[in-house]
Amino acid sequence: MAESEQFSPCKSPAQGKEFKKPSQHSVTGHLRKLKDMAADVHNTLEKWESFNAKGSSILSDIVNTRLEYIYQQSSEEGEEGGDKNKIDIVSLSSKLDPKCDALHQVCQSMEGAVTKLASLASTARGLHSLCQHRDEADDILGVTWTIHNFVEAFKALHSMYAKELHLKTEIAKTVALAETRESLMFYSAAWMHQPYIDSQMMVKAVLMETGHQPVT
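Description of the structure in this document. (Residues numbered from 1 in each chain as written. Predicted model: local features only at pLDDT ≥ 70, side-chain atom pairs only at ≥ 80, totals over all residues. Heavy atoms only, no water.)

**Examining the overall build of the chain**
Part 1 of the reasoning: Secondary structure summary: the chain contains five helices and zero strands in total.
Part 2 of the reasoning: Along its sequence from the N terminus, the chain presents helices and strands in the succession α-α-α-α-α.
Part 3 of the reasoning: By sequence separation, contacts in the chain at least 24 residues apart represent 81% of the contacts at least 6 residues apart. (Helix = DSSP H or I, 4+ residues; strand = E, 2+ residues; numbered from the N terminus. Contact = heavy atoms within 4.5 Å.)

**Comments concerning helix α4 (residues 181–193)**
Part 1 of the reasoning: Along its 13 residues, α4 runs 18 Å from first to last C-alpha, staying within 8% of the 18 Å computed at 1.5 Å per residue.
Part 2 of the reasoning: Listing the buried residues of α4 in full gives Leu184, Tyr187, Ala190 and Trp191. Projection of α4 onto a plane perpendicular to its axis shows the buried side chains occupying an angular sector of 130°, all on one side. Facing away from the buried side of α4, by more than 90 degrees, are the exposed residues Glu182, Phe186 and His193.
Part 3 of the reasoning: Residue Gln194 follows α4 closely and has a positive phi angle near 45°. (Expected span 1.5 Å × (residues − 1). Buried < 20%, exposed > 50% of the residue type's maximum accessible area, 1.4 Å probe, protein only. Arc of directions from axis to C-beta.)

**So, the nonpolar core**
Part 1 of the reasoning: Within the largest apolar cluster, 55 residues are counted, with the highest numbers of intra-cluster contacts made by Phe154, Tyr161 and Val175.
Part 2 of the reasoning: Counting residues per element, the ones that place at least two in this core are α1 (29–75), α2 (82–133), α3 (147–174), α4 and α5 (200–209).
Part 3 of the reasoning: When neighbours within four sequence positions are excluded, Phe154 is seen to be in contact with Leu34, Met37, Ala38, Val41, Leu120, Ala121 and Ala124. (Core = buried A, V, L, I, M, F, W, Y, C linked by side-chain atoms within 4.5 Å.)

**Topic: the pattern of salt bridges**
Part 1 of the reasoning: Within the structure shown, the criterion is met by four salt bridges.
Part 2 of the reasoning: With a shortest N-O distance of 3.2 Å, Glu164 and Lys168 are connected by a salt bridge. Of the two residues, Glu164 and Lys168 both sit in helix α3, four residues apart, roughly one turn of that helix.
Part 3 of the reasoning: Residue classification places Glu164 among the buried residues on the basis of a relative accessible area of 0%.
Part 4 of the reasoning: In this structure, Glu170 and Lys173 form a salt bridge, with 3.6 Å as the shortest nitrogen-oxygen distance. (Salt bridge = Lys/Arg side-chain N within 4 Å of Asp/Glu carboxyl O.)

**Observations regarding the packing of aromatic side chains**
Each aromatic ring pair is summarised here by two numbers: the centre-to-centre distance and the angle between the ring planes.
Part 1 of the reasoning: Counted according to the given criterion, the structure contains three aromatic pairs.
Part 2 of the reasoning: A centroid spacing of 5.0 Å and a plane angle of 85° characterise the contact between Trp48 and Tyr161, whose relative ring orientation is edge-to-face. Note that Trp48 is positioned in helix α1 and Tyr161 in helix α3, a separation of 113 residues in sequence. There is no split in this pair, since Trp48 and Tyr161 are both buried.
Part 3 of the reasoning: The residue whose ring lies beneath Lys168 is Trp191, and the NZ or CZ to ring-centre distance is 4.3 Å. (Phe/Tyr/Trp six-rings, centres within 6.5 Å; stacked < 30°, edge-to-face > 60°. Lys NZ or Arg CZ within 6 Å of the ring centre and 35° of its normal.)

**Re unusual backbone geometry**
The phi angle of most residues is negative, glycine excepted, and most peptide bonds adopt the trans form.
Part 1 of the reasoning: Of note in this structure, Asp135 is not a glycine but carries a positive phi near 60°.
Part 2 of the reasoning: Mapped onto the fold, Asp135 is located in the loop between α2 and α3.
Part 3 of the reasoning: For Gln194, which is not a glycine, the phi torsion comes out positive at approximately 45°.
Part 4 of the reasoning: Mapped onto the elements, Gln194 comes out in the loop between α4 and α5.
Part 5 of the reasoning: Judged by its relative accessible area of 7%, Gln194 is buried.

**Notes on the packing of α1 against α4**
Part 1 of the reasoning: Running from N to C, α1 and α4 cross one another at 175°; their axes reach a closest spacing of 10 Å. Viewed along their axes, α1 and α4 adopt a mutual orientation that is roughly antiparallel. Residue-level inspection shows Asn52, Gly55, Ser56, Leu59, Val63, Arg66, Leu67, Ile70 and Tyr71 of α1 in contact with α4, the latter providing Arg181, Leu184, Met185, Tyr187, Ser188, Trp191 and Met192.
Part 2 of the reasoning: Along the lines of polarity and charge, the residues of the contact of α1 with α4 split into ten nonpolar, four polar and two charged. (Axes fitted to C-alpha atoms, helices over the stretch in contact; angles between N-to-C directions. Parallel < 35°, antiparallel > 145°, perpendicular 65-115°, else oblique. Nonpolar A, V, L, I, M, F, W, Y, C, P; charged D, E, K, R; others polar.)

Okay, here's the thing in C-alpha cells:
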C-alpha cells in the first residue's frame with residue numbers, strides 16, 4: 001500500500017493540471033470564502049503575537065520577582081528569622097498574585113484565538129464536504145491548491161496553536177511556584193520561542209493561494 005503523502009505548503013498538489021490565478025476584481029464562490037478565511041487567519045495570528053508579547057512582558061516580571069526572592073532566601077540561609085521568612089512569603093504573594101492573574105488573562109485571550117482557528121478549520125471541512133457533493137473536490141480553487149490542501153492547512157494551524165496554548169497555560173499555572181533559576185529561565189525561554197509554532201511558510205502559502213500576496 002502506498003504511503004500517504006505528507007502535506008506541504010510549498011508543494012503543488014495539482015501536477016499536470018492547468019493553473020489559474022484568483023481574480024483581482026471579482027472572486028466568487030468557494031474562493032471568495034477561502035479568501036475571507038485567509039484574512040481571518042492572518043488577523044487572528046497577529047492578535048496572537050500581540051498577546052504573546054504582552055504575556056512575555058508579564059512573565060518576565062514574574063520571573064524577576066521570583067528570582068529576587070530565591071536569591072534573598074539563599075543569602076539568608078543559616079540565619080535566624082522564621083518570622084521574617086513568613087513576612088517575605090506574604091510580601092512575595094502580594095507581588096506575584098496580580099501578575100499571575102494578568103498572565104492567566106493573556107492565556108484566556110489566546111484561547112479565543114485558538115477557538116477562532118478551530119472555527120475556520122471546521123468551515124474548511126464543511127467546504128470540502130460541499131465540494132465532494134458537487135464533484136468539485138479536485139478542482140483548483142487557488143493558484144495550485146484544491147480544497148483538500150486548504151483543509152489540511154487550516155487543520156495544521158489550529159493544531160499547532162492549540163498545543164502552544166496548552167504549554168503557555170501550564171507555564172502560567174506553575175511559573176510562580178518554580179524554586180530554581182534554571183526552571184524560571186526554562187519557562188521564560190519556552191514562552192518566548194513558542195516551540196510548537198512553525199506557521200510562517202504555511203500562512204504565506206495560504207495568503208498567496210487566495211490572492212492576498214503575490215506568488216513568489
